[in-house]
Amino acid sequence: MAELKEEDAEQLHQEDANIKDTESDSKKMLAESEACEQMPICEASTNPLKIEDKNGQTSSIIVSERHASIQTTLEGLEGLVDLNGAGRKSCPLCPEEKFKACYSHKLRRHLQNLHWKVYVEFEGQRMCICHLPCRQLKSSLGSDQTQGRLVAHYHCVVCSVTIARKTDMISHLKRHINKGETEASYSGSLDVPFEDSVPGGQAYEIMKELGTNVQLLPNHTTPQKTDTYFSRKMKTNRQLVFCSLAVLAEERNPLECLDAFGATGIMGLQWAKHLRNSVKVTINDINEACVKMIKENCHLNHIRVEGNRTGRQLDGAGDAGSPIALVEVVKMDANVIMHLRPFDYIHLDPFGTSVNYLDAAFRNVRNLGIVSVTSTDTGSLYSKSLNVTLRHYGCQIVRTEYYRELAARMVLASVARAAARCNKGIEVLLAVALEHFVLVVVRVLRGPTQADESAKKLRQLLHCQWCEERVFLKQGSMVEENLYRQLPCQCHGSMPGKTAIELGPLWAGPLFNTGFLRRMLVAAVQHNMEDIQPLVKTLICEADCTTLKPFPVLGYSALSNQVECGVVIKTLQKVEEADTSDQSAKRKTTGEDSGNVLKKIKADTSLEHPAFYYSIHRHSIRGMNMPKLNKFLQYLTEAGFRVSRTHFDPTGVRTDATLAQFKEVLTKYSVPTYSSAPQSSAVSSE
């Protein structure tokens with residue numbers, strides 16, 4: 001009997017607790033509804049939406065609603081108020097003291113002339129001017145008690161910031177476009193349902209790139225304030241790295257590849273999601289928050305984390321069934337993991353310079369493997385911080401017209417020195433220098449002989465400060481009496497004092513491999529990477545130093561440079577045959593083959609692309625109209641020079657002509673600015 005009484009008492013106590021919980025929940029819901037009703041229309045709701053998963057953990061998703069002043073059509077703006085009803089109505093974008101309530105016909109005219117007429121358009125969304133108290137201008141007195149003056153303003157469709165002037169809003173939107181932020185902050189529809197937790201319960205955004213979804217924290221664009229840094233500007237870099245890995249995966253598989261600095265893990269997830277069983281992806285990061293975020297992103301893309309076989313990971317596939325790929329996530333210092341384990345493909349993308357990780361990268365990389373290095377320290381690479389350049393890269397440089405190619409050759413020199421310290425040589429497959437980064441992709445060749453050959457390609461550059469002519473110094477240990485003799489220009493004889501300076505040491509070898517770039521183009525077409533296809537085509541023309549653009553993708557037979565055992569060899573074969581010709585990735589050691597290789601190397605030395613380029617606008621003649629760039633390339637070709645455009649500079653011309661010959665052709669086909677004026681005056685007099 002006593003036990004029954006105790007059970008009845010516990011049951012009654014539980015019922016009372018449930019009743020109290022329901023009453024408290026109802027009170028909270030009423031309070032939230034009242035707060036929502038009191039919220040003014042000018043404030044866009046950006047509160048995180050909390051979702052509870054199976055384990056009772058909550059996740060937060062930013063759900064943003066657009067401001068009332070952002071509409072797509074005039075009917076949408078007029079729909080904010082019932083203009084068909086009777087009586088006086090207030091303007092939804094003006095306070096009562098600025099525009100009093102009026103009848104429908106007057107309010108419709110007010111919305112059209114004041115708000116809609118001065119809108120700013122961005123991707124189909126029209127930002128009308130707003131007069132609500134969203135933005136207040138404080139008085140000059142500076143006291144807190146003085147009431148601020150209301151200012152008319154626009155609400156940004158991307159970041160919801162308020163800007164007063166229309167011209168400032170247009171400039172603000174252009175900055176968003178330059179940063180790659182072209183999606184409205186309120187139109188963030190999820191591509192896949194997500195019901196998992198975020199580390200720390202923080203709010204996040206979901207971004208999709210190349211079919212891969214990743215979580216982004218609100219401050220993901222600020223490296224100093226977030227651990228999971230992500231930049232939309234680096235999309236081109238990620239796609240180029242992906243294509244280089246896809247080419248290597250066709251040569252031999254499965255590959256063990258490493259993303260040494262994972263951050264959000266988007267690059268490694270793209271590798272695993274699209275290349276599947278051809279690669280074994282390892283994503284590393286030393287930060288605990290990044291590791292948790294990478295694991296959540298794996299779950300979001302239905303990719304299983306190796307060694308994590310919990311129920312949550314197995315249930316994460318949802319409707320997609322079993323996991324589509326397997327990824328290993330490691331929390332370790334990048335130098336440590338590269339010393340401990342061998343890899344076929346290593347990608348280094350730290351925030352800033354990568355020179356601190358090059359020795360470890362070449363320590364254990366396999367023979368004929370690939371190392372790709374992304375450097376984002378553009379201040380030191382692009383000659384803005386010369387003391388940092390000397391400290392990190394050991395190079396003496398100045399600002400020149402070809403500063404981007406100078407930066408690429410400087411990074412390659414550091415890579416070649418790091419490889420030589422490990423008794424390895426390099427073969428440069430790709431070097432790209434754009435506004436925000438410098439990317440170099442090299443193939444690793446084991447052996448002291450290959451290391452010596454790579455070290456011989458590090459030379460000093462002689463640069464004329466008057467005409468900006470440049471030439472690599474000849475090899476040799478003997479001191480030359482007059483180095484100015486190596487320069488093609490005659491500035492030293494006509495100008496007083498010293499006219500040239502030595503830059504470097506720099507990489508003096510080729511920057512591209514045509515066969516590798518052609519296979520990268522095939523990979524870009526296969527994976528629908530339309531953004532980088534024009535860039536890869538430009539690189540192919542630049543590697544061949546030609547203006548012709550034969551770009552067959554599949555099943556073509558053409559003369560192209562293919563890579564066999566780390567040596568550039570000209571072959572005539574189909575792309576499919578070229579992709580499978582070196583799957584074994586083993587060197588041929590017979591004397592006959594090595595002799596043929598040496599002969600072909602000597603025959604191909606003259607076919608390497610010229611070292612640098614000239615800017616047509618930098619060397620234009622005053623008072624003369626220059627020919628169009630494509631026409632000028634044709635004139636140089638007719639003069640017997642090899643020419644091509646370059647990705648380093650949109651106005652640059654890569655040619656084997658000297659600067660004097662370049663200017664001679666430019667002067668020959670330039671027309672005086674006012675040459676047509678006398679003819680017109682003569683016609684008018686007649």
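Attention here is on the structure that accompanies the text. (Residues numbered from 1 in each chain as written. Predicted model: local features only at pLDDT ≥ 70, side-chain atom pairs only at ≥ 80, totals over all residues. Heavy atoms only, no water.)

### Overview of the sheet that holds strand 19 (residues 438-446)
Item 1. Read across the open sheet, the eight strands follow the order 14-15-13-12-16-17-19-18; overall the sheet is mixed. Two strands close off the open sheet at either side, each with one partner strand: strand 14 (303-305) and strand 18 (424-433). In this sheet, neighbouring strand axes are inclined to one another by 20° on average, regardless of whether the strands run parallel or antiparallel.
Item 2. Of the strand pairs in this sheet, strand 13 (residues 279-284) and strand 15 (residues 325-330) are connected by four bridges, and their pairing is parallel. Its bridge partner lying in strand 15, T282 is registered against E328.
Item 3. Against the sheet, helix 6 (residues 266-275) contacts strand 12 (255-259), strand 13, strand 14, strand 15 and strand 16 (343-348), and its axis sits at roughly 165° relative to strand 13.
Item 4. Relative to strand 15, helix 7 (residues 288-300) is tilted by about 175°, and along the sheet it contacts strand 13, strand 14 and strand 15. (Pairing = 2+ DSSP bridges. Helix = DSSP H or I, 4+ residues; strand = E, 2+ residues; numbered from the N terminus. Axes fitted to C-alpha atoms, helices over the stretch in contact; angles between N-to-C directions. Contact = heavy atoms within 4.5 Å.)

### A word on the environment of L245
Item 1. Position of L245 among the secondary structure elements: in helix 5 (residues 235-251).
Item 2. When the C-alpha positions of L245 and A523 are compared, they lie 9.5 Å apart, and in sequence the two are 278 residues distant.
Item 3. Ignoring anything within four residues of it in the chain, the contact list for L245 reads L255, C257, W271, L275, V279 and Y345.

### What about the packing of helix 20 (residues 629-638) against helix 21 (residues 659-668)?
Pairs of packed helices are described in terms of their axes, by the angle between the two and the distance that separates them.
Item 1. It is the contact of helix 20 with helix 21, at a shortest axis distance of 10 Å, that shows an interaxial angle of 120°. By the criterion of interaxial angle, the relationship of helix 20 to helix 21 is oblique. Of the two elements, helix 20 crosses helix 21, and the hand of that crossing is right-handed. Here F632, Y635 and L636 of helix 20 come into contact with helix 21, specifically with F662, V665 and L666. (Parallel < 35°, antiparallel > 145°, perpendicular 65-115°, else oblique. Left-handed = near helix turned anticlockwise from the far one by under 90°.)

### A look at the nonpolar core
Item 1. W271, M338, L348, F362, V415 and I426 are the most contacted members of the largest nonpolar core, which has 110 residues in total.
Item 2. A per-element tally of this core places helix 13 (residues 403-421) first, with 11 residues.
Item 3. Contact partners of V415, with chain neighbours within four places excluded, come to L358, F362, V373, I426, V440 and V442. (Core = buried A, V, L, I, M, F, W, Y, C linked by side-chain atoms within 4.5 Å. Buried < 20%, exposed > 50% of the residue type's maximum accessible area, 1.4 Å probe, protein only.)

### Let's talk about the packing of helix 5 against helix 16 (residues 514-526)
Item 1. Relative to each other, helix 5 and helix 16 sit at 105°, their axes nearing to 9 Å. With respect to their mutual orientation, helix 5 and helix 16 come out roughly perpendicular. For the pair helix 5 and helix 16, the contacting residues are L240, C243, S244, A246, V247, E250 and E251 in the first and F516, R519, M520, A523, A524 and Q526 in the second.

### Quick word on the pattern of salt bridges
Item 1. By the definition in use, this model includes 16 salt bridges.
Item 2. For R470, the salt bridge is made with E401, and the minimal N-O distance between the two is 2.8 Å. Placement of R470 in strand 21 (residues 470-472) and of E401 in the loop between helix 12 (386-393) and helix 13 is noted, with a sequence separation of 69 residues between them.
Item 3. Here E401 falls in the buried class, since its relative accessible area comes to 8%. (Salt bridge = Lys/Arg side-chain N within 4 Å of Asp/Glu carboxyl O.)

### A look at the side chain of Q239
Item 1. In this fold, Q239 is placed in helix 5.
Item 2. In this structure, Q239 is in contact with M529, D531 and I532, ignoring residues within four places of it in sequence.

### Comments concerning the pairing of strand 12
Item 1. Summarising burial for strand 12: four of the five residues are buried, a large majority.
Item 2. Pairing geometry for strand 12 and strand 13, over five bridges, is parallel. Of the residues in strand 13, the one forming a bridge with L255 is V279.
Item 3. In this view, the connection linking strand 12 to its parallel neighbour strand 13 by way of helix 6 has right-handed handedness.
Item 4. Direction of pairing for strand 12 relative to strand 16: parallel, over a ladder of three bridges. (Right-handed = clockwise from strand over helix to strand, strands pointing away.)

### As for the sheet that holds strand 5 (residues 125-127)
Item 1. Here we have three strands laid out as an open sheet, ordered 3-5-4, and antiparallel in their pairing. Strands with a single pairing partner mark the edges of an open sheet, and in this sheet they are strand 3 (70-71) and strand 4 (120-122).
Item 2. Lying on the sheet, helix 4 (residues 166-178) is in contact with strand 4 and strand 5; it crosses strand 4 at an angle near 10°.

### A few points about the packing of aromatic side chains
Item 1. Tallying each qualifying case throughout the model produces 10 aromatic pairs.
Item 2. Relative to Y345, the ring of W271 has its centre 5.8 Å away and its plane inclined at 80°; by these criteria the two rings are edge-to-face. Taken as a pair, W271 in helix 6 and Y345 in strand 16 lie far apart in primary sequence, 74 residues in all.
Item 3. Of the residues examined, W271 reaches a relative accessible area of 0% and is grouped as buried.
Item 4. Residue classification places Y345 among the buried positions, given a relative accessible area of 0%.
Item 5. Taking the centre distance of 5.3 Å and the plane angle of 40° together, the rings of Y614 and F662 count as tilted. In this pair, Y614 sits in strand 25 (residues 613-615) while F662 sits in helix 21, placing the two residues 48 residues apart along the sequence.
Item 6. Looking at Y614, the relative accessible area reads 5%, which means it is buried. (Phe/Tyr/Trp six-rings, centres within 6.5 Å; stacked < 30°, edge-to-face > 60°.)

### Quick word on unusual backbone geometry
Comment: phi is negative for the bulk of residues other than glycine, and the bulk of peptide bonds are trans.
Item 1. Cis geometry is adopted by the peptide bond preceding P254, which originates at N253 and carries an omega value of 0°.
Item 2. Cis geometry is found at the peptide bond from G504 to P505, where omega equals 10°.
Item 3. Along the chain, P505 falls in strand 22 (residues 500-507).
Item 4. Within the chain, R276 stands out as a residue other than glycine whose phi angle is a positive 50°.
Item 5. Relative to the assigned elements, R276 resides in the loop between helix 6 and strand 13.
Item 6. Not every positive phi belongs to a glycine, and S383 is a case in point at roughly 65°.
Item 7. Secondary-structure assignment places S383 in the loop between helix 11 (378-381) and helix 12.

### Comments concerning the environment of E256
Item 1. When you line up the elements, E256 lands in strand 12.
Item 2. A relative accessible area of 24% places E256 in the partly exposed class.
Item 3. Once you skip the residues sitting within four places of it in the chain, E256 turns out to touch K280, P342, F343, D344, Y345 and R366.

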